[in-house]
Amino acid sequence: MGAEYDFDHAIDIAWCPGCGNFKILEALKASLTQLDLDEHSVVFVSGIGQAAKTPQYIDVHYFNGLHGRSLPVATAIKAANRGLTLIAESGDGCMYGEGGNHFIHTIRRNPDITNIVHNNMVYGLTKGQASPTSQIGFTTPIQTDGVHLEPFNPISVAISLNASFVARAFAGDVKQTTDMLKKAIIHKGYALVDIFQPCVSFNRVNTYQWHKEHTYYLDSDHDPSDREAAFKRAIETDRFPLGIFYINTDKPAFEDNLAAYISDPTPLYKRGIYVEKLMDLVKTLRT
Amino acid sequence: MSDVSVVFSGEAGQGLQTLETLMMKLFKLSGYHVYSYSEFMSRIRGGNNSTQIRVSSMPVAAYLKRIDIFVPIRVGAMERFHDRITNETVIIGQKDHIDADYLKGHYPVIEMPMPEMVKRSGGEIYTNVILLGVFSGLFYIEKQLMADMVKDLFSAGDQKDILRNLTAAQIGYEAGTRLLKPGQASINIERSKDAKQELLLNGINAVGLGGLAGGCNFVSSYPMSPSTAVLSFFAEKAEEFGVVVEQAEDEISAINMAMGAWYAGGRAMVTTSGGGYALMVEGLSLAGCIESPLVIHVGQRPGPATGLPTRTEQADLEHVLYSGHGEFPRVILAPGTIEQGFFLTRHAFYLADKYQVPVFILTDQYFLESRYIAKDIDATMVLDQHYIVKTQKGYRRYAFTDDGISPRGIPGFGVGRVRVDSDEHDESGFITEDLQTREDMVEKRLKKIVALDSEILPPSFTGPKDYRYLIMGWGSTYHAIREALDMLGRDDIAFLHFSQIYPLSRDIEAYLDKADKKIIVENNATSQFGKLIRFFTGVEFDAKVLRYGGMPVMPEDIFDVVKDIR
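Since we're looking at a predicted model, the values are computed, not measured.

Basis of the calculations
- Sequence order as written defines residue numbering, which begins from 1 separately in each chain.
- Chains carry letters and ligands carry numbers; both start at the beginning, A for chains and 1 for ligands, and go up in the order they are written.
- Owing to the predicted nature of the model, reporting of local features is limited to residues with pLDDT of at least 70; listing and counting of side-chain atom pairs is limited to 80 or more, with chain, interface and lining totals taken over all residues.
- Helix numbering and strand numbering both begin at the N terminus, where a helix is a DSSP run of H or I of at least 4 residues and a strand a DSSP run of E of at least 2.
- A radius of gyration in this sense is built from C-alpha atoms; the matching globule rule multiplies 2.2 Å by the number of residues raised to 0.38.
- With C-beta atoms placed from the backbone, a residue is buried if 20 or more other C-beta atoms are within 10 Å of its own, exposed if 12 or fewer are, and partly exposed between those counts.
- Any pair of residues counts as being in contact when their C-beta atoms, constructed from backbone geometry, are within 7 Å of one another.
- The start and end points of each domain follow an automatic or database-based domain assignment.
- In this classification, the charged set is Asp, Glu, Lys and Arg, the nonpolar set is Ala, Val, Leu, Ile, Met, Phe, Trp, Tyr, Cys and Pro, and all remaining amino acids, among them Gly, are polar.
- In this scheme, strands are said to pair when DSSP sees at least two bridges between them.
- Working convention: axes come from line fits to C-alpha atoms, limited for helices to the stretch in contact. Angles between N-to-C directions cover 0 to 180 degrees.
- In this scheme, roughly parallel covers angles under 35 degrees and roughly antiparallel covers those over 145, while 65 to 115 is roughly perpendicular and the rest are oblique.
- Each crossing gets its hand from how the near helix is turned against the far one by less than a right angle, where anticlockwise is left-handed and clockwise is right-handed.
- Classification remark: right-handed applies to a crossover when, strands pointing away from the viewer, the course from the first strand over the helix to the second runs clockwise.
- Here, expected helix span is obtained from the residue count minus one, scaled by 1.5 Å.

*Asks:* Describe the overall build of chain B, and please don't skip the residues or the numbers.
*Replies:* Each helix and strand counted, chain B has 18 helices and 23 strands in total. Taking 24 Å as the expected radius of gyration for a compact globule of 566 residues, we find that chain B reaches 26 Å, a close match to that expectation. Considering chain B as a whole, with its 566 residues, one finds that 54% of them fall into the buried category. Relative to all contacts within chain B whose residues are 6 or more apart in sequence, the contacts with residues 24 or more apart total 73%.

This is the structure in structure tokens:
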């Protein structure tokens, strides 16, 4: 499976052996393949960090931009060509730290993109500093007496902003992660999939074993259309719930609200210049 | 008087802007050449704002220090103008708006029965329409033309509203025709057909129309004076011209969106001012690395930091020239005239697309808010060429070529993969740490500077070929310098104006060599363009006219310095 998204040559992957990113890569390729998308229309946008390298290892279009800035880029690509499938993928530092403002406002905007966040509760590429999701007490070479800051909770923030799709997965469970990614990708509107991802080099606390012990799956009793119930689950931290917390199907996608498409649905690259309208406009400046 | 400079001085909220818009349109339609510029405080109500309107037989396009008619419309309206009101300035206003010093008989004062007219019209809200009437009467505007204009402007209101405004305008008109007594200043301005038929536009419209003609279909920005008006221009036309317009959460988002749009085949522009551009700088460097086309409009205002939010300056030249980490090409264009505002913005899209480089349109608050009669714009001269290619399997976004320009593909058009990366990358766009590839990529990007040489716009030259003195300026100071030349009336002075700042034209040395003395005019304190010229040529300027008080450079500023240079 996943042959369309595999390269026909060997690739050199920069991750540490045993990194949770391998599992996410596997789940991602599986979900793309199973969804039977037009592989020429899938575009990844990523920032900076180990997670942001993921698109390098899949045979897709990608825009690997700046740290924290993947969401505005993905939003704009979708707005310029609504026929493309957009996946914005990066780590917790990139999406919730450097890109925190974009995270908030992209949820408000609700473009039809899938936002995958590899959440390992630590900075990997810069070698082990605290991330916005590091748990209180987590010690690092910078936070030498442990993290004092309240951990950022992307799930509750997203639900508070009435995000249209909010899920949390665990990289150790490829099958469930694949399933959630597929649902997120076909969901029309902004979809957040925060993926707990063990970092084997810089996070000796939140290991595969720790995640197994500190998570559980939401069961069929949970109604993802119930925002209040979703929020209650979102703020649980004793054991972190996994699964789809919240879905709101009533929100139109950002790009479908744009005035630019009211009288002309064609993507921007196919458009010419409206010479006659321009002449008319110039004429109005004569009188 | 055949060239009259009128200054209205009031406060925010008194409707000066409406008066300016109406009077400009009306006087133009009546055949006068007109020019206007407003200077205002950064507040919504109160303070002191003023508008200069020039009415002339000949084309006029510069803000003058000279005031022929001063119209105070609030108490304290004269406070900031004592150095510009002379005993030749006719002061027209109600008595309590005129400072006592001016009422002692040394100044020509015409008292206007404003309170009585306001009362007859139905309230102070009609002040601006009454003033429109007064000046229409004073300048012999056809009464019907004025009535039509007022009806047109208030057409959205109810019938009663229209009628009241018409009455107010007519009350003003009657007073206006009786304002000048025999022996007082007389107005004698010829009208022309040209003024009637040509365009009346400001810098904002020029940049906006130029963008549309350049195929702009995506504008993402964060509001910041004075550039916001360009964002509004596109927002207003979003549906009609199919432009995606988005107010981003910050300038960082705005510039990244613009690059996302180009990546997917859109033609994007951001509009901001110096402070907002500061936030965009990491994005500029990204454009350099991924070789994204990008058009960046920077409408300058005085800094540092928040500075003077509503005023003008040319102090961000070095900011746009040197910003961005790493080495990559860029182009900086700075229109001096409304026509250039149109053509250069259109040109920016051509350069950005063809050479895959960021291109700046560097204007300022003065340029954007100046309004005058411009030569007709041929709207059929559009740039309807996209420099994008349909990709094949094995497509390489950064393929090495002789001129450094790789054919640019976009996702969704062809079967190749389009990979762009802010990390150093190989020809296919994959991250690389191969240091030979790194060197090759640096050289590839810099080759485009050489390719751009053929596109450099030469400076425009005005004056005698055998000049001895050369005045140089760039961007929005064009008309002030032109008018200063007229005031000087000398046959030994020439003027060289630059609308392309970078890369700089090589012609410059030949021009400088011929001059005994060189004078630079800039709306900043440190002569940023002068420094750039010195950097390229080693030439020092003999005199500098530098203004950094928040107001534009005025022809008189230049005249005062240059008149003594022999």
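*Asks:* Tell me what's going on with the domain arrangement of chain B, and back it up with residues and numbers.
*Replies:* Segmentation of chain B into domains returns domain 1 (3–195), domain 2 (200–374), domain 3 (388–455) and domain 4 (460–562). For domain 1 of chain B and domain 3 of chain B, the distance between their C-alpha centroids amounts to 58 Å.

*Asks:* Provide a residue-level description of the interface of chain A and chain B, including the pertinent values.
*Replies:* Residue-level contacts link 48 residues of chain A with 57 residues of chain B. Only β2 (61–64), α2 (70–80), α4 (100–109) and α9 (275–284) of chain A provide two or more residues apiece to the side of chain A that touches chain B. Residues of the side of chain A that touches chain B, tallied by class, amount to 27 nonpolar, 15 polar and six charged. Pairing of β2(A) with strand β17 (residues 419–421) of chain B involves three bridges; the strand directions are parallel.

*Asks:* So what's going on with the packing of α2(A) against helix α9 (residues 251–263) of chain B? Which residues, and what values?
*Replies:* One can describe the packing of α2(A) onto α9(B) by two numbers: an axis separation of 7 Å at closest approach and a directional angle of 40°. Compared by their axis directions, α2(A) and α9(B) come out oblique. Remark: the crossing between α2(A) and α9(B) carries right-handed chirality. Note on element contacts: α9(B) touches α2(A) through B:S253, B:N256, B:M257, B:M259, B:G260, B:A261 and B:Y263, opposite A:P72, A:V73, A:A74, A:T75, A:A76, A:I77 and A:A80. By residue class, the composition of the contact of α2(A) with α9(B) is 10 nonpolar, four polar and no charged.

*Asks:* Can you lay out the sheet that holds strand β1 (residues 42–46) of chain A for me, pointing to particular residues and giving the numbers?
*Replies:* Pairing is mixed across the open sheet formed by nine strands, whose spatial order is β7(A)-β8(A)-β5(A)-β6(A)-β4(A)-β3(A)-β1(A)-β2(A)-β17(B). Bordering the open sheet on either side are β7 (215–217) of chain A together with β17 of chain B, each of which pairs with just one other strand. In this sheet, neighbouring strand axes are inclined to one another by 20° on average, regardless of whether the strands run parallel or antiparallel.

*Asks:* Describe unusual backbone geometry, listing the residues and the values that go with them.
*Replies:* Note the cis peptide between B:G303 and B:P304, where omega equals -5°. Summarising the element assignment, B:P304 is placed in the loop between β11 (294–300) and α11 (317–322). Going from B:Y502 to B:P503, the amide bond is cis rather than trans, its omega being -10°. Residue position: B:P503 is located in the loop between β21 (500–502) and α16 (508–513). Although it is not a glycine, A:N162 sits at a positive phi angle of roughly 60°. By secondary structure assignment, the location of A:N162 is in the loop between α5 (154–160) and β5 (165–170). Non-glycine residue B:Q356 carries a positive phi angle of around 55°.

*Asks:* How would you summarise the environment of A:A229 if you had to cite specific residues and measurements?
*Replies:* Residues and elements named next belong to chain A. Along the chain, A229 falls in helix α8 (residues 227–234). Since 16 C-beta atoms lie within 10 Å of it, A229 is described here as partly exposed. As a C-alpha pair, A229 and A260 span 31 residues in sequence and 38 Å in three-dimensional space. With residues up to four places along the chain from it excluded, the contact list for A229 reads H222 and D223.

*Asks:* Which residues make up the sheet that holds β21(B), and what values do they have?
*Replies:* Residue and element names in this part refer to chain B. Taking strand neighbours across the sheet as the criterion, the seven strands line up as β9-β8-β10-β11-β13-β12-β21 in an open arrangement whose pairing is mixed. Where the open sheet ends on each side, the last strands, each with one partner, are β9 (244–247) and β21. Along the sheet, successive strands turn relative to each other by an average axial angle of 20°, direction set aside. Here β11 runs beside strand β13 (residues 358–364); their pairing, made up of seven bridges, is parallel. Bridged to V295 within β13 is V359. Running at roughly 140° to strand β8 (residues 218–221), helix α8 (residues 228–236) makes contact with β8, β9, β10 (268–272) and β11 of the sheet.

*Asks:* For the pairing of β9(B), give the residues involved together with the corresponding values.
*Replies:* All names here are of chain B. Here β8 runs beside β9; their pairing, made up of four bridges, is parallel. Residue pairing in the sheet places S220 in a bridge with E246 of β9. Between the parallel pair β8 and β9, the chain is carried across by α8, and the sense of this crossover is right-handed.

*Asks:* Before we move on, could you go through α9(B) and cite the residues and values that matter?
*Replies:* All names here are of chain B. Between its first and last C-alpha, α9 extends 18 Å over 13 residues, near the 18 Å set by a 1.5 Å rise per residue. The buried fraction of α9 amounts to 13 of the 13 residues, a majority that puts the element mostly inside the structure. Residue G265 follows α9 closely and has a positive phi angle near 100°.

*Asks:* Pulling in residues and values, what's your account of the packing of helix α7 (residues 203–213) of chain B against α8(B)?
*Replies:* All names here are of chain B. Running from N to C, α7 and α8 cross one another at 50°; their axes reach a closest spacing of 9 Å. Put simply, α7 runs oblique to α8. In this structure, α7 crosses over α8, and the sense of that crossing is right-handed. Contacts between α7 and α8 involve I204, N205, V207 and G208 from the first element and A229, V230, F233 and F234 from the second. A breakdown of the residues in the contact of α7 with α8 according to their chemical character gives six nonpolar, two polar and no charged.

*Asks:* Any details on the environment of A:R109? Residues and values, ideally.
*Replies:* Residues and elements named next belong to chain A. With respect to the helices and strands, the residue R109 is situated in helix α4. Given 23 C-beta atoms within a 10 Å radius, R109 is considered buried. Along the primary structure R109 and Y190 are separated by 81 residues, whereas in three dimensions their C-alpha atoms are 8.2 Å apart. Excluding residues within four positions of it along the chain, R109 makes contact with T75 and F254.

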